[in-house]
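Below are the chains, spelled out letter by letter.
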Amino acid sequence: MDHLRDIVQGLTKDESKDFKRFLGRLRKRGKRMDVALFDILKEEEEYTPASIISRLYKPANPNAYHTLRKRLTGNLADFILWRHRENDLSQEGAVLSYVSLARHLFERQLPVPAWKYLVRAETEALAYENHSLLNGIYNLMIEKADMIEQANLDELITKHGRNKILADEDERAGIANSIVRKKLAEYRRHGREVDFDKVISGTLREYKLHTAVMGRPRLLYNLLSISRTGILAKKDFHSFEPFVISRYEDIEKHKGFEEKDMPYKAGMLYMISHTLYRTRKFKQSRQYLEELQKTISGKKGELYNQYYPRYAQLQAALSVFEGDLSAAISTLKSLLKNKNLRLSHQDRLNALVSIGIYQFHGKKFRLAHDTLLEIYHTDKWCEKIMGREWVMKKGMMEVLLYYEMDHPDMVESRIRSVERKYRDLFDLPVYAPARTFLQLIRQVLQDPDAVRTEAFAQKVEASFDWKPSEQEDIQAIGFYAWLKSKMLGKDYQEVLMELMI
């Protein structure tokens, strides 16, 4: 595995351009070998070291190549640090820079400007609740207080003491996060139902954090994010819904969200809105989504860049079940064209697939196929970015698309490919219905007349372990709706709406 290539491949198109501009600050003359290596590693095809060396050097020079790799790695590290300093919500890079500059100035016997940078570092760290960094800042302030006439040592010691309590809470919260993550993983591994309130509330009491999370939304948000990871794996949105809503409302009643808490408020609002969408409570989902829009409206930087794409994709999904396919597609196309956003690979891929799905809903099969072709990357590359489940579902969508486009050979070929690549996933209970679905499609392909028979309807009924209607996963319903539309001889979108609403 080439870790340097993984870093390069992980950069978006805009980030790659920014990186080359970042290198340009060095103003070296002649051919930039680090840029040449970067461009090779950015290519879709993965080359051997020998072939890369032969492209870069005539004659081949392995030693120069390894030196070049080290230089490019260092440049990438500097670039990523610079971007984090520009965009990272925690501002940790900026705070550390201020502290380093203050130390430098103190060493040069320039205490007044040094103190100004320490105060700036304190302000930044306070704004983003970085109590670990604040601990070091206050220690340095106390150490140098005798050099600054206006420094109030008693006040600094009091601040240091208060901050140590919060830093200790952060440490205990980190331990609590790890315990919750481990417990949820054990539940998933053994296929047991999760009582989120019991798991999280018990852990919070054990580590004396129950009151702290009400006054510090960041701590609660981190716990909810961990819990949601388990939800996404098990599709158990039904049990997560009341838990995440009640915790959000607890904070609103207790003290609300301050300006510094906006990233965590936005995150919780998105979790709630998405959960309500997945439990098919579309009207309530829309209400929380509108609150998310208000929260990020007018914001700049990483907060807007992180949540606007999620807002737009969920807005489009809700438009589908409000009967407006054209609005859903238009929303996502506008998202892809938005020059004010740095779309991640994940956001772009999700938007393209969603557009393809909505075009499929509208019977624009050729257009949907062309949209999926805009994903120029291989399935292997997409797996690295999106995960295996995402690529598996994309493959299943392509099966349906080829069926509707009347390409039976491609349908069978794609079914075999999905079954071969994801055999291990299909052995897990949560993915077993997907394998059953593919087997039923194969039967429909081999005997199209059978799909309208009572015998086939009974087979479908017996093939799945049905949940109560309100608990059935929305994505699973989407696939089942296609099968049922063939059984009833009705329009897919019409059947889907009947099952969803």
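Structure: see above.
Not measured: the values here are computed from a predicted model. (Residues numbered from 1 in each chain as written. Predicted model: local features only at pLDDT ≥ 70, side-chain atom pairs only at ≥ 80, totals over all residues. Heavy atoms only, no water.)

Once that is clear, we can look at the overall build of the protein chain. Scanning the protein chain from N- to C-terminus turns up 27 helices and 0 strands. Of all 501 residues assigned to the protein chain, the portion counted as buried reaches 48%. Here the protein chain displays about 25900 Å² of accessible surface, and carbon together with sulfur accounts for 51% of that area. (Helix = DSSP H or I, 4+ residues; strand = E, 2+ residues; numbered from the N terminus. Buried < 20%, exposed > 50% of the residue type's maximum accessible area, 1.4 Å probe, protein only. Areas by Shrake-Rupley, 256 points an atom, 1.4 Å probe, with all protein chains shown as cover.)

This next bit is on the packing of helix H13 (residues 237-254) against helix H14 (residues 262-278). H14 packs onto H13 with a crossing angle of 150° between their chain directions and a minimal axis gap of 9 Å. Remark: the crossing between H13 and H14 carries left-handed chirality. Contacts from Phe237, Phe240, Glu241, Val244, Ile245, Tyr248, Ile251 and Glu252 in H13 reach Lys265, Met268, Leu269, Met271, Ile272, His274, Thr275, Leu276 and Arg278 in H14. A class-by-class count of the residues in the contact of H13 with H14 yields 11 nonpolar, 2 polar and 4 charged. (Axes fitted to C-alpha atoms, helices over the stretch in contact; angles between N-to-C directions. Left-handed = near helix turned anticlockwise from the far one by under 90°. Contact = heavy atoms within 4.5 Å. Nonpolar A, V, L, I, M, F, W, Y, C, P; charged D, E, K, R; others polar.)

A few words on the nonpolar core. If you look at the biggest cluster of nonpolar residues, it comprises 111 residues, and the most contacted ones within it are Tyr358, Met392 and Leu483. Counting residues per element, this core draws most heavily on H14, at 10 residues. Once residues lying within four places of it in the same chain are set aside, the contact partners of Tyr358 are Ala316, Ala317, Val320, Leu325, Ala328, Ile329 and Leu332. (Core = buried A, V, L, I, M, F, W, Y, C linked by side-chain atoms within 4.5 Å.)

So, on to the pattern of salt bridges. Evaluated as defined, the whole model comprises 36 salt bridges. In this structure, Arg442 engages Glu419 in a salt bridge whose closest nitrogen and oxygen atoms are separated by 3.0 Å. A residue pair is termed long-range when its members are at least 10 positions apart, and Arg442 in helix H24 (residues 432-446) and Glu419 in helix H22 (residues 408-421) qualify at 23 residues. As far as the burial class goes, Arg442 and Glu419 line up, both buried. (Salt bridge = Lys/Arg side-chain N within 4 Å of Asp/Glu carboxyl O.)

The next thing to look at is the packing of helix H21 (residues 388-404) against helix H26 (residues 474-488). Across the interface, H21 lies against H26 with an axial gap of 12 Å and an inter-helix angle of 20°. The pairing of H21 with H26 is recorded here as roughly parallel in orientation. The handedness of the crossing between H21 and H26 is left-handed. Where H21 abuts H26, its residues Lys393, Met396, Met397, Leu400, Tyr403 and Glu404 lie against Gln475, Phe479, Trp482 and Lys486. Within the contact of H21 with H26, the residues separate by chemical class into 6 nonpolar, 1 polar and 3 charged. (Parallel < 35°, antiparallel > 145°, perpendicular 65-115°, else oblique.)

Before going further, it helps to examine H14. Between its terminal C-alpha atoms H14 stretches 24 Å, which fits the 24 Å expected from 17 residues at 1.5 Å a residue. Counting buried positions along H14 yields 17 of 17 residues, so the element is predominantly enclosed. Arg280 occupies a position one or two residues after H14 and carries a positive phi of about 65°. (Expected span 1.5 Å × (residues − 1).)

Tracing the backbone shows Gln446 in helix H24. Considered as a pair, Gln446 and Glu412 are 34 residues apart in the sequence and their alpha carbons are 9.6 Å apart.

Moving on to the side chain of Thr371. Relative to the elements of secondary structure, Thr371 occurs in helix H19 (residues 365-373). Assessed through its relative accessible area of 6%, Thr371 is described here as buried. Not counting the four nearest positions on each side in its chain, Thr371 is found in contact with Leu352, Ile355, Gly356 and Gln359.

Turning our eyes to something else, we now look at the packing of aromatic side chains. Counting across every chain of the model gives 18 aromatic pairs. For the pair Tyr221 and Tyr264, a centre-to-centre distance of 5.8 Å together with 50° between the ring planes defines the contact as tilted. Taken together, the positions of Tyr221 in helix H12 (residues 217-234) and Tyr264 in helix H14 put the pair 43 residues apart, joining distant regions of the chain. Each member of the pair, Tyr221 as well as Tyr264, carries the same accessibility label: buried. By the ring-pair criterion, three or more aromatic residues cluster together here, those being Phe19, Phe22, Phe38 and Phe79. Sitting over the face of the ring of Tyr98, Arg120 holds its NZ or CZ atom 5.5 Å from the ring centroid. (Phe/Tyr/Trp six-rings, centres within 6.5 Å; stacked < 30°, edge-to-face > 60°. Lys NZ or Arg CZ within 6 Å of the ring centre and 35° of its normal.)

With respect to the secondary-structure elements, Glu398 resides in helix H21. Setting aside residues up to four positions removed in sequence, Glu398 forms contacts with Leu372 and Arg414.

Moving on, we get to the environment of Ala351. Summarising the element assignment, Ala351 is placed in helix H18 (residues 345-361). The class for Ala351 is buried, based on a relative accessible area of 0%. Aside from chain neighbours lying at most four places away, what touches Ala351 is Gln313, Leu332, Leu335 and Leu336.

That is the geometry; function is a separate question.
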